[in-house]
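One letter stands for each residue in the lines below.
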Amino acid sequence: MQNFTFYNPTRILFGTHRLPELAREIPADARVLITYGGGSIARTGTLAEVNAALKGFAVVEFGGIEPNPTYETLIQAVELARRENVGFLLSVGGGSVIDGTKFIAAAIPFAGDPWDILSKRARIKSAVPFGTVLTLPATGSEMNNGAVITRRASNDKLAFSHPLLFPRFSILDPTKAYTLPARQIANGVVDAFVHVIEQYLTYPADAKVQDRFAEGLLLTLIEDGPKALQEPQNYALRANLMWVATMALNGLIGAGVPNDWATHMLGHELTALHGLDHAQSLAVILPAMLEVRRGEKREKLLQYAARVWQLREGDDEARIDQAIERTRQFFESLQVSTHLAAYNIGKEAIPALIDQLERHGMTALGEHRNFTIEGSRRVYELAS
Ligand code: NZQ
Ligand code: ZN
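Residues numbered from 1 in each chain as written. Chains lettered and ligands numbered in written order. Predicted model: local features only at pLDDT ≥ 70, side-chain atom pairs only at ≥ 80, totals over all residues. Heavy atoms only, no water.

**Notes on a nonpolar patch on the surface**
- Together, Met1, Phe4 and Phe6 line one region of the surface with nonpolar side chains, adding up to about 320 Å² of accessible area.
- Take methionine 1: it is sitting in the segment before strand E1 (11-14). (Patch = residues over 30% accessible without salt bridge, like charges linked within 9 Å, V, L, I, M, F, W, Y side chains within 5 Å. Areas by Shrake-Rupley, 256 points an atom, 1.4 Å probe, with all protein chains shown as cover. Salt bridge = Lys/Arg side-chain N within 4 Å of Asp/Glu carboxyl O. Helix = DSSP H or I, 4+ residues; strand = E, 2+ residues; numbered from the N terminus.)

Listed below in structure tokens is the structure:
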């Protein structure tokens, strides 16, 4: 096992009827900015519940944070928060709203051009504290310190993270996910699945706990993901899926083991240029990525085949073939297509995707930092 430091200070309030406890988690004298997305929380009644829970607080609202949140929108929230002298942020929504709120939190006290936080990895010295009310289990953003922000003007979708950007608390009420459309339920399952894979399917590191945690999360997603599409109001299913998605990217399973993240980086360019949902981009890239890198990932692919898909018979290559095929079929069974053609993207789109990766310095990816542009090109071609 590799050396690691594990730190995660986010307080989790999990279960039904936890929203009224909001007020206890926020400093009584803070002016609160509620951040949210395109309006689902107004339609579902969650915004009204939040406002009721914050009775007595000075509250300002900022709505309109879009999926794949943009700098252009978020900077308006930064200006509002500065004007209103906001001291606490409360994000209510999915990964996009939470990620956007992390950027707002870092940008409010930032002295220079806030885009430098992403483009130049400029150092963050402080951040406004924030909490979250999760409505879409998928990204794990509710219990991690990372965020991915898009600048529309330049087609950049860039990630950043900082220890000051863990949510102070997150309210995880699985019933808040009942109103999700099927596409977002499926997206959440695929995103969480790929988060686990990118921290698990690398090379053996004698990390039994991390491996078995990871396999448990994958098995739960395979077992309950398809059922949740059939029974969207089944609490047990939604509770398991919500906790899986959080555990998939809160630092626990990735500590002490190699991490990959190449699938995410290639996927981000698909979203930046072609607008695919984050999970759609991953469903397209992952099966091709595993195929292209099956040599270096061989031992873990065989472990994955045996322990996750129960493939224990036949020769090694055939088991790896089947494990990759099962992965693809799992995504397809959730109605998340795994080929670029299904999103009307042809091979002629590949050179621009490659240019983006180069421009963003994504030229030495993967657990060995040896996955080059040539490898990325092969993956995009195979994913066509
Ligand atoms: O905007 P509203 O109206 O709220 O609607 C949203 C949005 O249209 C809707 N929705 C959310 N909760 C709902 C609901 N609709 C009905 N009922 C509810 N309860 O769902 C749509 C998608 O929301 P979004 O937040 O974009 O989805 P997701 O949670 O998948 O987040 C995706 C973003 O997270 C980033 C992605 O790159 C992408 O920008 N990621 C963040 C990560 C992190 N911080 O660690 C890691 C991930 O790998 C990922 O990159
Ligand atoms: Zn993801």
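So much for the structure itself; the text now carries on.
**Section: the site of ligand 1**
- Within the structure, ligand 1 sits among 32 residues, and Gly38, Ser40, Gly95, Ser96 and Asp99 are positioned closest to it.
- Contacts to ligand 1 include lysine 157, whose side-chain N or O atom sits 2.8 Å from an oxygen atom.
- Calculation on ligand 1 without its partners gives an accessible area of 970 Å², and the protein chains cover 89% of this total.
- Counting only elements with at least two residues in the shell around ligand 1, the list comes to helix H5 (95-107), strand E6 (146-151), helix H7 (182-200) and helix H10 (262-274).
- Tallied by class, residues from the shell around ligand 1 come to nine nonpolar, 19 polar and four charged.
- Structurally, the shell around ligand 1 is a two-domain feature, drawing no fewer than three residues from each of domain 1 (11-177) and domain 2 (182-382). (Near = heavy atom within 4 Å. Polar contact = N/O pair within 3.5 Å; in protein donor to acceptor, adjacent residues only side chain to side chain. Nonpolar A, V, L, I, M, F, W, Y, C, P; charged D, E, K, R; others polar. Domains from an automatic or database assignment.)

**Quick word on the packing of helix H11 (residues 278-292) against helix H13 (residues 316-333)**
- Running from N to C, H11 and H13 point in directions that differ by 175°, and their axes come no closer than 10 Å. Put simply, H11 runs roughly antiparallel to H13. Residue-level contacts link Ala283, Leu286, Pro287, Leu290 and Glu291 of H11 to Ile324, Thr327, Arg328 and Phe331 of H13.
- Considering only residue class, the contact of H11 with H13 consists of six nonpolar, one polar and two charged. (Axes fitted to C-alpha atoms, helices over the stretch in contact; angles between N-to-C directions. Parallel < 35°, antiparallel > 145°, perpendicular 65-115°, else oblique. Contact = heavy atoms within 4.5 Å.)

**Notes on unusual backbone geometry**
- Even without glycine at this site, asparagine 68 takes up a positive phi of about 55°.
- Here asparagine 68 is to be found in the loop between strand E3 (58-62) and helix H4 (71-84).
- Its identity is not glycine, yet aspartate 206 carries a phi of approximately 50°, on the positive side.
- Here aspartate 206 shows up in the loop between H7 and helix H8 (208-230).

**Focus: the packing of aromatic side chains**
- For the coordinates displayed, the defined rule picks out 12 aromatic pairs.
- With 5.5 Å between their ring centres and 85° between their planes, tyrosine 7 and phenylalanine 166 make a pair best called edge-to-face. With a gap of 159 residues between them, tyrosine 7 in the segment before E1 and phenylalanine 166 in the loop between strand E7 (156-161) and strand E8 (169-172) connect regions that are remote in the sequence.
- Using a relative accessible area of 11% as the deciding quantity, one classes phenylalanine 166 as buried.
- Pairing phenylalanine 193 with phenylalanine 331 gives two aromatic rings, centres 5.6 Å apart and planes at 90°, and the pair type is edge-to-face. Residue phenylalanine 193 is found in helix H7, and its partner phenylalanine 331 is found in helix H13; the two are separated by 138 residues along the sequence.
- Judged by its relative accessible area of 0%, phenylalanine 193 falls in the buried class.
- Residue phenylalanine 331 is classed as buried on the basis of its relative accessible area, which comes to 0%.
- A network of ring pairs unites the aromatic residues Phe193, Tyr200, Tyr304, Trp309, Phe330 and Phe331 as a single cluster.
- Directly above the aromatic system of phenylalanine 371 lies the positively charged group of arginine 293, at a separation of 4.9 Å from the ring centroid. (Phe/Tyr/Trp six-rings, centres within 6.5 Å; stacked < 30°, edge-to-face > 60°. Buried < 20%, exposed > 50% of the residue type's maximum accessible area, 1.4 Å probe, protein only. Lys NZ or Arg CZ within 6 Å of the ring centre and 35° of its normal.)

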